Amino acid sequence: MPPALVTRPSAESPDAPNDLRLAQDGDTEAFARIYRLHVGRINALALRLTGDRSRAEALVQDAFVRAWQKLRSFRGASALATWLHRLTVNVFLLDERGLRRRALRELPEAYRETMIMRLVEGMTGPEIAERTGLTPDNKIIGHFTATGVRSHFSERFRLWGYDLPAAIFEPS
């Protein structure tokens, strides 16, 4: 008969299983103890994921808010630290998708579709032209190689945390 699933207590805190049960029942003090026990590891993970201290701090906050919201669903199939790690990665991935969407929404409509084809779908200039019915020397496709537009888009995406290589603006 397989052993029952149990929460693996941390060597750092013999009260971790009890704190988990209390926090799952809504005890904010118990959750604060869980936070203090795990925040260092989650912060290190967030720094590795984002490469930026302020984005990492925001990710840690978002991850622990999400952990509080989802804590009742934690069943102990893995260590709490493992669950928090995975939850943090998921929050990061959702945020990354959101950043890309916001950056793309800021583009003028004429450029948005072309940028999506280029950045998301990885299409070349001629492939974009074929799909849209535009010619590779069309103003919209041609503007990707223009210095002003390239720097505008590069700067706009950089503000959202993306450093785009110049090659994506080449018509290929």
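Residues numbered from 1 in each chain as written. Predicted model: local features only at pLDDT ≥ 70, side-chain atom pairs only at ≥ 80, totals over all residues. Heavy atoms only, no water.

Draft legend 1. Looking closely at the overall build of the chain. A tally of helices and strands in the chain yields eight helices and zero strands. Reading the secondary structure of the chain in the N-to-C direction produces α-α-α-α-α-α-α-α. The proportion of buried residues among the 172 residues of the chain is 35%. Excluding contacts between residues fewer than 6 apart, the proportion of contacts in the chain whose partners are at least 24 apart in sequence is 57%. Element-wise, carbon and sulfur atoms account for 54% of the exposed surface of the chain, whose accessible area totals about 10,500 Å². (Helix = DSSP H or I, 4+ residues; strand = E, 2+ residues; numbered from the N terminus. Buried < 20%, exposed > 50% of the residue type's maximum accessible area, 1.4 Å probe, protein only. Contact = heavy atoms within 4.5 Å. Areas by Shrake-Rupley, 256 points an atom, 1.4 Å probe, with all protein chains shown as cover.)

Draft legend 2. A look at the pattern of salt bridges. One pass over the structure, following the stated rule, counts one salt bridge. With its nearest N and O atoms 2.9 Å apart, the salt bridge here joins Arg33 to Asp19. Of this pair, Arg33 sits in helix H2 (residues 28–50) while Asp19 is found in helix H1 (residues 16–24), placing the two residues 14 residues apart along the sequence. (Salt bridge = Lys/Arg side-chain N within 4 Å of Asp/Glu carboxyl O.)

Draft legend 3. Quick look at helix H6 (residues 125–132). What H6 keeps buried is the set Gly125, Ile128 and Ala129. Projected onto a plane normal to the axis of H6, the buried residues spread over an arc of 100° and lie on a single side. For H6, the exposed residues lying more than 90 degrees away from the buried face are Glu130 and Arg131. Positive backbone phi, approximately 85°, marks Gly133, located one or two places after H6. (Arc of directions from axis to C-beta.)

Draft legend 4. How the structure looks around the packing of aromatic side chains. Scanning all chains against the criterion turns up four aromatic pairs. A ring pair is formed by Phe31 and Trp68, whose centres lie 5.0 Å apart and whose planes are at 65°; its orientation type is edge-to-face. One end of the pair, Phe31, is in helix H2; the other, Trp68, is in helix H3 (residues 53–70), and 37 residues separate them in sequence. Assessed through its relative accessible area of 12%, Phe31 is described here as buried. Its relative accessible area of 34% is what places Trp68 among the partly exposed residues. Here the aromatic cluster, defined as three or more aromatic residues joined through ring pairs, consists of Phe31, Tyr35, Phe64 and Trp68. (Phe/Tyr/Trp six-rings, centres within 6.5 Å; stacked < 30°, edge-to-face > 60°.)

Draft legend 5. Structural detail: the nonpolar core. Grouped together as the largest cluster of nonpolar side chains are 21 residues, with contacts concentrated most on Leu71, Leu80, Trp83 and Leu84. At the level of elements, H1, H2, H3 and helix H4 (80–105) are the ones that each hand at least two residues to this core. Not counting the four nearest positions on each side in its chain, Leu80 is found in contact with Leu20, Ile34, His38, Leu71 and Phe74. (Core = buried A, V, L, I, M, F, W, Y, C linked by side-chain atoms within 4.5 Å.)

Draft legend 6. Layout of the packing of H2 against H3. It is at 9 Å that the axes of H2 and H3 come closest, and there the two elements cross at 140°. Taken together, the axis directions place H2 and H3 in an arrangement best described as oblique. In the crossing of H2 with H3, the sense of the turn from one axis to the other is right-handed. In contact with Thr28, Phe31, Tyr35, His38, Val39, Ile42, Asn43, Ala46, Leu47, Leu49 and Thr50 of H2, H3 contributes Arg53, Arg55, Ala56, Leu59, Val60, Phe64, Ala67 and Trp68. In the contact of H2 with H3, the residues fall into 13 nonpolar, four polar and two charged. (Axes fitted to C-alpha atoms, helices over the stretch in contact; angles between N-to-C directions. Parallel < 35°, antiparallel > 145°, perpendicular 65-115°, else oblique. Left-handed = near helix turned anticlockwise from the far one by under 90°. Nonpolar A, V, L, I, M, F, W, Y, C, P; charged D, E, K, R; others polar.)

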